[in-house]
Amino acid sequence: MSDMDDAYKDKILEVENLNVEFSTYGGVVQAVRGVNFSVGRGETLAIVGESGCGKSVTVQSIMGLIPTPPGKITAGEARLRGNNILNLPAKEANKFRGVEIGMIFQDPMTSLNPTMTIGDQISETLMVHRHLSYADASAKAVALLDKTRIPEAKKRAAQYPFEFSGGMLQRAMIAQSLACNPSVLIADEPTTALDVTIQAQILELMSELQKTEDMSIILITHDLAVVAKMADRVAVMYAGQIVEMGAVDEIFYESAHPYTMGLKEAMPSNRNDRAKKLTPIEGSPPDLFSPPAGCGYYARCPHAMKLCETKQSEEFILSSNSSHFSKCWLQHPEAPKTDGLFQAGDEHAS
Amino acid sequence: MLAYTLKRLLAGIVTVWFIATATFTAMHMVPGDPLMNDKAVSAEIRANLERKYGLDKSAPEQYVIFMKNMLSGDFGISFTQQNRQVNDIIRDHFPVSATLGIMAIFFATIGGVLWGALTALYRNRLPDIIIMFLVILGISVPSFVFAALGQLLLVNINSLFGASIIPVAGWGTFSHMLMPSMVLGLGTMALLTRLMRSSMLEIVNEDYIRTARAKGLSPSRIFFRHQLRNAILPVITVLGPQIAAITTGGFVVELVFAIPGLGRYFVQAVQQLDYTVIMGTTVFYGAFLVLMVILVDILYGFIDPRVRLS
Ligand SMILES: Nc1ncnc2c1ncn2[C@@H]1O[C@H](COP(=O)(O)OP(=O)(O)OP(=O)(O)O)[C@@H](O)[C@H]1O
Ligand code: SF4
Ligand SMILES: [Mg+2]
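The shown structure was predicted, so the numbers you read here are calculated from the model rather than taken from an experiment. (Residues numbered from 1 in each chain as written. Chains lettered and ligands numbered in written order. Predicted model: local features only at pLDDT ≥ 70, side-chain atom pairs only at ≥ 80, totals over all residues. Heavy atoms only, no water.)

### Notes on the nonpolar core
- Among the nonpolar cores identified, the biggest contains 96 residues, and Leu13, Phe37, Ile101, Leu145, Met206, Ile218 and Val227 of chain A are the most heavily contacted of them.
- Examining the composition of this core, we find that seven residues originate from one element, helix H7 (residues 166-178) of chain A, more than from any other.
- If near-sequence neighbours (up to four positions away) are discounted, Val227 of chain A is found in contact with Ala46, Val48, Thr221, Val234, Val248 and Phe252 of chain A.
- Listed in part, the 71 residues of the second largest apolar core include Ala20, Leu228, Ile246 and Tyr265 of chain B. (Core = buried A, V, L, I, M, F, W, Y, C linked by side-chain atoms within 4.5 Å. Buried < 20%, exposed > 50% of the residue type's maximum accessible area, 1.4 Å probe, protein only. Helix = DSSP H or I, 4+ residues; strand = E, 2+ residues; numbered from the N terminus. Contact = heavy atoms within 4.5 Å.)

Written out as structure tokens, the structure is:
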């Protein structure tokens, strides 16, 4: 665990108190409500949580991709090597977008321009940011496609997106995002739209490239199996907030938030306890038009207490190196003991 | 692409044949015939004339003769204009109509794409609101009204300068052509503006535009390289039918501006039931339009790789 601790100290990206809302006809949606996290050099941070909990909005805010209006970043900072990158005008943002931070998306089929060759779309990035000539940029594009294991890269570079399969397109997206050797790659559900067998290949490619390119990865997913395979650290998001964050082992084996527990119990396990019944989390997340004053999980939580309804919990730090925290009153020293959940004072498993 | 083009050409030939047959049938079902206009022809002269033009033969026979002649590119002689070849009429007057039409289409397409892109950029702000109001006018007001207004404008300009700066009617020089082609293209331009606007607004929300922003491209590069080309596609698809609309609209504009185009002969021929001229001009126009639609399809394929390569 020690090199992970070192990585944690060397923070490339720090997000602090991020708040994002959307003005809609129905009112103002508070999509992200005070999110804090950081990404260390070379590590993979997974963000998990139910649909609509604000995962995409969080990372798109960092990239300046939130449509404004209706969206608005109302508070917070995102610091890339110490410099705030939130709410920058396009001209400033384009100094880091595609250069320092690359991004790939859920649906590779629609994420590439249908009337431009794959090669041209990759070389465009190089021409804009690295001022390469068209010939040099095209050659580099082929090399990048090769690097992402696209067979016959040269021929493929001259083809259009509709001539590619989904998996191949996601490889091309990865190649494109790597063009300027970014230090952070944001992947928003990169495998959700792909076949299971292809999913594994793409994830493998990503972890491999992470090592060779020395990148940090922010990986959004709702698949805990993907988290287990890829992540160093995990942020569990619920209703626009991070409710628990920690090293991957802490999240899986010392889950300290009832919602994390719920996610785990809803996950099909592919190993020995196949017979075990899956229990989906009952109910639905709170309405983000008027978020509850207390804990967002109150209505669904099996351990809910009186206090939870009216007052939000603070982030209780659970491990000595402060990597693990839970935003739940059960971590309060005076809270009742609960079976199964990791609570402050419990013995660490490792 | 070659197979695609050949297929389209073949379908085009069938279409033209269908147009020819339909016109032939329709004409023989209309009461009266071209000789009715020559008052007081004696039965004998009439019989002679009928023999000369082949009108004494049965309809199927006439159809076969007509088809045969058409295939050899001969549309026959006009009934009403002393022995003038239909081919000559087309040759003399079609270039005028074609010039007018092409200028109108050119004007409409450039204008439609530019205005459409502009309104999308200024969505819901003043330029957008003004242009979209004009677009509604352009779509709903018929072209002869614009033709008259256009002439009025030219008269005013000329009287302001005290000289004939821009001719109000007639044909010959480039300045003759400006106003009629603008008037003729106006409706189409309005339509294309609206189409281009909605197409641009739709594409702003496409995933690949988000990708382009995530790549760190400048807004102008995204606009020109990613948005515009994709937004033009739906505009091109309606260009074929719009060429047809402009061609038929041309008949009216030619009349108002006293332009010696083919449209005038076409209208005259219908009034006088001049069989050969009707047949000739209809088939010719039909073939021309079919060709235009095919050309537009090929152009589409040129811009959209999905069509070109599959
Ligand atoms: N353009 C928008 N306009 C209005 N509301 C929005 C917009 N984009 C996001 N939201 C709201 O923000 C909330 C968070 O959305 P987000 O896309 O971040 O969810 P997510 O966690 O990525 O979910 P998923 O797993 O389905 O991708 C949602 O409740 C959504 O309604
Ligand atoms: S704060 Fe209360 S309601 Fe919220 S998760 Fe913890 S115990 Fe449940
Ligand atoms: Mg999402």
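Anyway, onward from the coordinates.
### With respect to the interface of chain B and chain A
- If you look at the interface, chain B gives 22 residues, while chain A gives 29 residues.
- Between chain B and chain A, the buried area comes to about 2,200 Å², and carbon and sulfur atoms account for 55% of it.
- On the surface where chain B and chain A come into contact, there are three salt bridges.
- At the surface where chain B touches chain A, the tally comes to 16 residue pairs in polar contact (both at pLDDT 80 or more).
- Elements represented by at least two residues in the side of chain B that touches chain A include exactly helix H8 (207-214), helix H9 (219-256) and helix H12 (305-309) of chain B.
- Per element, the largest residue contribution to the side of chain B that touches chain A is seven residues, and it comes from H9 of chain B.
- Tallied by class, residues from the side of chain B that touches chain A come to eight nonpolar, five polar and nine charged. (Buried area = accessible area lost by both parts, 1.4 Å probe. Salt bridge = Lys/Arg side-chain N within 4 Å of Asp/Glu carboxyl O. Polar contact = N/O pair within 3.5 Å; in protein donor to acceptor, adjacent residues only side chain to side chain. Nonpolar A, V, L, I, M, F, W, Y, C, P; charged D, E, K, R; others polar.)

### Some points on the sheet that holds strand S8 (residues 216-220) of chain A
Residues and elements named next belong to chain A.
- Judged by pairing direction, the sheet is mixed, and its eight strands sit side by side in the order S6-S7-S8-S3-S9-S10-S12-S11 without closing on themselves. With partners counted over all chains shown, the strands left at the sheet margins are strand S6 (101-104) and strand S11 (316-317), one partner each.
- Packed on one face of the sheet, H7 meets S6 and strand S7 (184-188) and runs near 170° to S6. (Pairing = 2+ DSSP bridges. Axes fitted to C-alpha atoms, helices over the stretch in contact; angles between N-to-C directions.)

### Focus on the site of ligand 2
- Lining the immediate environment of ligand 2, one finds His257, Pro258, Cys295, Tyr297, Tyr298, Cys301, His303, Ala304, Cys308, Cys328, Trp329 and Leu330 of chain A.
- For the shell around ligand 2, the class distribution of residues is 10 nonpolar, two polar and no charged. (Near = heavy atom within 4 Å.)

### Notes on the packing of helix H10 (residues 262-272) of chain B against helix H11 (residues 275-303) of chain B
Residues and elements named next belong to chain B.
- For the pair H10 and H11, interaxial distance at closest approach is 9 Å and the crossing angle is 135°. Here H11 runs oblique to H10, going by the angle between their axes. In the packing of H10 onto H11, the handedness of the crossing is left-handed. Across from Leu262, Gly263, Tyr265, Phe266, Ala269 and Val270 in H10, the residues of H11 making contact are Val277, Ile278, Thr281, Thr282, Phe284 and Tyr285.
- When the residues that make up the contact of H10 with H11 are grouped by side-chain class, the tally is nine nonpolar, three polar and no charged. (Parallel < 35°, antiparallel > 145°, perpendicular 65-115°, else oblique. Left-handed = near helix turned anticlockwise from the far one by under 90°.)

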